[in-house]
Amino acid sequence: MWSLIQKRVCRKIQLHSSIIRSCLLNSVSEHQFYYSSSPACNHTAPRSAIGAKKFNGLFSSFDAKWRGSSFMRFLSSQAAAEASTSDGLTVGGIIANNWVIYDENESDWKSHAAAIAQSIHLIKKRLRWKKLISKLEVLSKELDKPDLWDGPSHAGKISREHGSVVGKMKEVNAFEQELFEHIDMIKLAREENDAELESESLNALLVLRRHLKEKELEALLAGEHDLCPCFIEVQAGAGGTESMDWASMVMQMYKRWAENRHFRVSAVEEIPGELAGIKRATIKVDGDYAYGYAKAEVGAHRLVRISPFDSNKRRHTSFASVAVIPILGDDFSHVQINESDLRIERYRSGGPGGQHANTTDSAVRITHIPTGVTASSQNERSQHQNKASAMAVLQSRLDQLEIVRQAQINAEHTQSLTDINFGSQIRSYVLHPYRMVKDHRTEYEVSDPDSVLQGDVDGFILSFLSASLDKDIEDD
Amino acid sequence: MKSSRASLSSILQPVFSLRRPAFCSAAPPKPQTPLHLRPPAFRAALSDLQRWQAWAKTQASSVGSTFSALDGGPDSSLLLRELNWLVEDAVEHPALLSTENKVTAEVAIRAQLEEMYELWRQRIEERRPFQYVVGCEHWRDLILSVEEGVLIPRPETETIVDLVDHAVKADEELREGLWADLGTGSGALGIAVARILGGGGRVLAVDLSPVAAAVARYNVERYCLEARVSVRVGSWFDPLKDVEGELNGVVSNPPYIPSKNIHSLQAEVSRHEPILALDGGADGMDDLIHLCHGAASMLKPRGFFAFETNGEIQSKLVLDYIQNEMEGSFCRLEIVSDFAGIQRFVTGYKA
């Protein structure tokens, strides 16, 4: 796409020497253009984003200097400012204009621009833009300290965090810039009566609009541990076989959901019910943002149906509770576990064992005595591996407890997802007397329970994530 | 092939029970290749394989808790898990099996479909141990080849490796030098101990059974440990005369089941596993006592031993025996429990 526009621009530039002049003048202030809209800058010369970008190469040596040490500080002090089109239109301005947003198929640049502006606005909100700016300032100051690298692990952490914040801000700024480039281009095309260029630019705007819609969702998953893999655990509520059957349906729903998302799913533990279903089961879900998505499912899930296990065909209500535990990466400082604090047992003991028994069952349960937290694994083929797998679950459980504890200490922490009570009822699946699945937190509902139980849970997850995050931000 | 092996073991068994070194003039037996290591040379229609799987599930489910009530054998849920593992080992891309609607697709498998039926029939009807069915046992972080005539390593025995790990961490000198695994069977302990010791350690793995020795050698090769684990055929310490008094450590999971209990064992064990590896004489103590004396003469001072026993009573008997009948030979004696809480191991150091 860019090469196309670039070609067009080169032709245009031959025709418009005046534009070339302004480009040359302004490429010097390219970075100001990217990241600032200080009024002084606005007035010194009419700026052209297109020119600035296209002539980048000419000024590469200058550019390199610019990108040096002063760049980060510059970014941190200027990031708050907004970019604009050559005639001063900003994202805020576009939103204030209240242009009608039509369907994507409508070839109306204002509609596209308004949709894009809205997405950018939402992304910034979700990223907590203002906090991000102050965070960047704090981190930059920290990075400037001469004694920073005396503590390499602290320094590494600061520098990683800094990199991540800068990365997020640069990405959004680049979207803004792209938006204004396209708008400028459309205006230019109209001046020149170049229908081909106009339609190309309009198309580019549409591509950006779609891309940003996806980014909106990604910005929902900006939580510290969202990127991590996770364990999903489903436990049957009171109510015997009917609720154990329900628990296995819920587990099945998440297995399908995870597979549809191309996450890797592996069973860790499964305690079957006596007649049907499961008492409890744990799966490991591996893939980008597995925890970020799955955390939206924590809570009690309620089923209403005519129980197939009731010979009198009565309507039953049963519950299954879902817990989601992030598997934190190596850069997280895990809770230290002392070997002496552990009690390791074979899950299903009995009999003299040893040479008397030939069994492929080598399930292991580990209890962390000080906290009483337990974890078990039975699906691996050796005891050693079951132990390792149970230890991984135990580590994640203890880490999660620690995160919650830290969050409670942390005054900044208001209400977040980690506070959700595992017992609080989040969703009802009604199969009788009518058919509906409804989320009690968002009121999001679907009239086809089968598709949901087949793993189509994303609608619920995304609506909850956006509702809770956007609410969180308003609370700030 | 299988029938010749069966007859071989039936000929050899009386010899073994007399506890004399077996004399075998024939070429060493060739170990079988575990199912998961065979080439996926066969094709089956996906729908046929799914039909096999459905049949196998029905077979497993129909067992219910019959076996476990009868002799502590597997119940349906365990058999269903084993079935998943069989699929894992036999099918090149097991995930294909859970896909629907690809009726025409073909699947690459490591055994003929008829053999798959036969294997699962043996598992259910003959109570053939699952590990013999797939030709391997997952033990610790190892996948060991096993076959009829070789004891399937038990999960309990994994703990001996941890005990060795603790011992060499407490006294690094033990790490460098010779260790022995007596009655190595598949080579499990010998291989795992060699991996714990690292480059400076060597393990002599001994077994009376030529079948076991051949399988142990195969497993040693699979883990590229030929330079560090030597397999010797013979009875207990007999083939180790050349290293008397030089061993840093001795480990063993010897036969320890009292003879009178052998017939009442779980069918998988009593019908299929080698009695040589199970029967420990009248009170199950014959070989343990022999090992205690052997260890006393074979170990270096401060050398370590760990033996598996039949449980609480036998652990105490072994401990008492060492303390009373072999006074002064060993020190720092300990009884260690397995993960089921049963006092299972006796450990100690040469005085």
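Residues numbered from 1 in each chain as written. Chains lettered and ligands numbered in written order. Predicted model: local features only at pLDDT ≥ 70, side-chain atom pairs only at ≥ 80, totals over all residues.

In the annotation of an unreviewed UniProt entry, the entry for chain B reads Peptide chain release factor N(5)-glutamine methyltransferase, and the organism field reads Salvia divinorum.

In the nomenclature of an unreviewed UniProt entry, chain A corresponds to Peptide chain release factor PrfB2, chloroplastic from the organism Salvia divinorum. Recorded under Sequence similarities (unreviewed entry), the UniProt text for chain A is reproduced unchanged: "Belongs to the prokaryotic/mitochondrial release factor family." (UniProt positions renumbered as here; feature names shortened; annotations may be inferred.)

1. With respect to the overall build of chain B
For chain B, the count of helices and strands is twelve helices and eleven strands. When its C-alpha atoms are laid out on the principal axes, chain B stretches across 70 × 40 × 40 Å. Considering chain B as a whole, with its 351 residues, one finds that 47% of them fall into the buried category. Across chain B, the fraction of contacts at a sequence separation of at least 24, relative to all contacts at a separation of at least 6, is 69%. (Helix = DSSP H or I, 4+ residues; strand = E, 2+ residues; numbered from the N terminus. Buried ≥ 20, exposed ≤ 12 C-beta atoms within 10 Å, placed from the backbone. Contact = placed C-beta atoms within 7 Å.)

2. Examining the interface of chain B and chain A
The interface is formed by 34 residues belonging to chain B together with 22 residues belonging to chain A. Of all elements in the fold, only α4 (76-90), β3 (136-139) and α10 (267-272) of chain B reach the threshold of two or more residues within the side of chain B that touches chain A. Looking at the side of chain B that touches chain A, the element that brings in the most residues is α4(B), giving four residues. Tallied by class, the residues present in the side of chain B that touches chain A amount to 16 nonpolar, seven polar and eleven charged. (Nonpolar A, V, L, I, M, F, W, Y, C, P; charged D, E, K, R; others polar.)

3. A look at the confidence of the model for chain B
This prediction gives chain B a mean pLDDT of 91; 90% of its residues lie at or above 70. Overall fold confidence (pTM) sits at 0.73, and the ipTM for the predicted complex is 0.86. (pLDDT = per-residue confidence, 0-100.)

4. Remarks on the packing of helix α9 (residues 109-126) of chain A against helix α12 (residues 195-220) of chain A
Residues and elements named next belong to chain A. In contact at an axis separation of 9 Å, α9 and α12 are set at 20 degrees when each is read in the N-to-C sense. The angle between α9 and α12 places the two elements in the roughly parallel class. The hand of the α9/α12 crossing is left-handed. Judged by residue contacts, Trp109, His112, Ala113, Ala115, Ile116, Ser119, Ile120, Leu122, Ile123 and Arg126 of α9 engage Leu202, Leu205, Leu206, Leu208, Arg209, Leu212, Lys213, Lys215, Glu216, Ala219 and Leu220 from α12. (Axes fitted to C-alpha atoms, helices over the stretch in contact; angles between N-to-C directions. Parallel < 35°, antiparallel > 145°, perpendicular 65-115°, else oblique. Left-handed = near helix turned anticlockwise from the far one by under 90°.)

5. Digging into the sheet that holds strand β7 (residues 364-368) of chain A
All names here are of chain A. Pairing is antiparallel across the open sheet formed by three strands, whose spatial order is β6-β7-β8. Of all the strands in the sheet, the pair left with one neighbour each is β6 (342-346) and β8 (373-377). Geometrically, the sheet is characterised by an average inter-axis angle of 15 degrees between neighbouring strands, direction not taken into account. Of the pairings in the sheet, the one linking β7 to β8 comprises five bridges and is antiparallel in character. Across the sheet, valine 364 pairs through a bridge with serine 377, a residue of β8. (Pairing = 2+ DSSP bridges.)

6. Overview of the pairing of β7(A)
Residues and elements named next belong to chain A. Burial runs high along β7: four of the five residues are buried. Note that β6 and β7 share five bridges and pair antiparallel. From the neighbouring strand, glutamate 345 faces β7, where its bridge partner is arginine 365. Counted between consecutive antiparallel strands, the loop separating β7 from β8 contains four residues, among which glycine 372 sits at a positive phi close to 75 degrees.

7. Some remarks on the sheet that holds strand β9 (residues 425-430) of chain A
Residue and element names in this part refer to chain A. Spatial strand order, β2-β3-β1-β5-β4-β9-β10-β11: eight strands in an open sheet with mixed pairing. Strands at the two margins of the open sheet, each flanked by one partner only, are β2 (264-272) and β11 (445-446). Taken together, the five bridges between strand β4 (residues 299-306) and β9 define a ladder with parallel strand orientation. Paired with arginine 302 across the two strands is serine 428, which belongs to β9. Lying on the sheet, helix α13 (residues 240-260) is in contact with β1 (230-236), β2, β3 (278-286), β4 and β5 (315-326); it crosses β5 at an angle near 45 degrees. Packed on one face of the sheet, helix α15 (residues 383-409) meets β1, β2, β3 and β5 and runs near 90 degrees to β5.

8. Let's talk about the pairing of β3(A)
Residue and element names in this part refer to chain A. Of all nine residues making up β3, seven are buried, and the element is well covered by its neighbours. Judged from the six bridges that link them, β1 and β3 form a sheet pairing that is antiparallel. The residue of β3 that forms the bridge with glutamate 233 is threonine 282. Inspection of the sheet shows β2 paired to β3 by eight bridges, in the antiparallel sense. Its bridge partner being in β3, serine 266 is matched across the sheet by lysine 284. If you look at the hairpin formed by β2 and β3, you'll find five residues sitting between the two strands, and glycine 277 has a positive phi there, around 70 degrees.

9. Some details on the domain arrangement of chain B
All names here are of chain B. Under the domain assignment, chain B is made up of domain 1 (30-134) and domain 2 (150-350). Each of domain 1 and domain 2 has a C-alpha centre, and these two points are 33 Å apart. Among the residues making up the side of domain 1 that touches domain 2, the classes are represented as three nonpolar, three polar and three charged. (Domains from an automatic or database assignment.)

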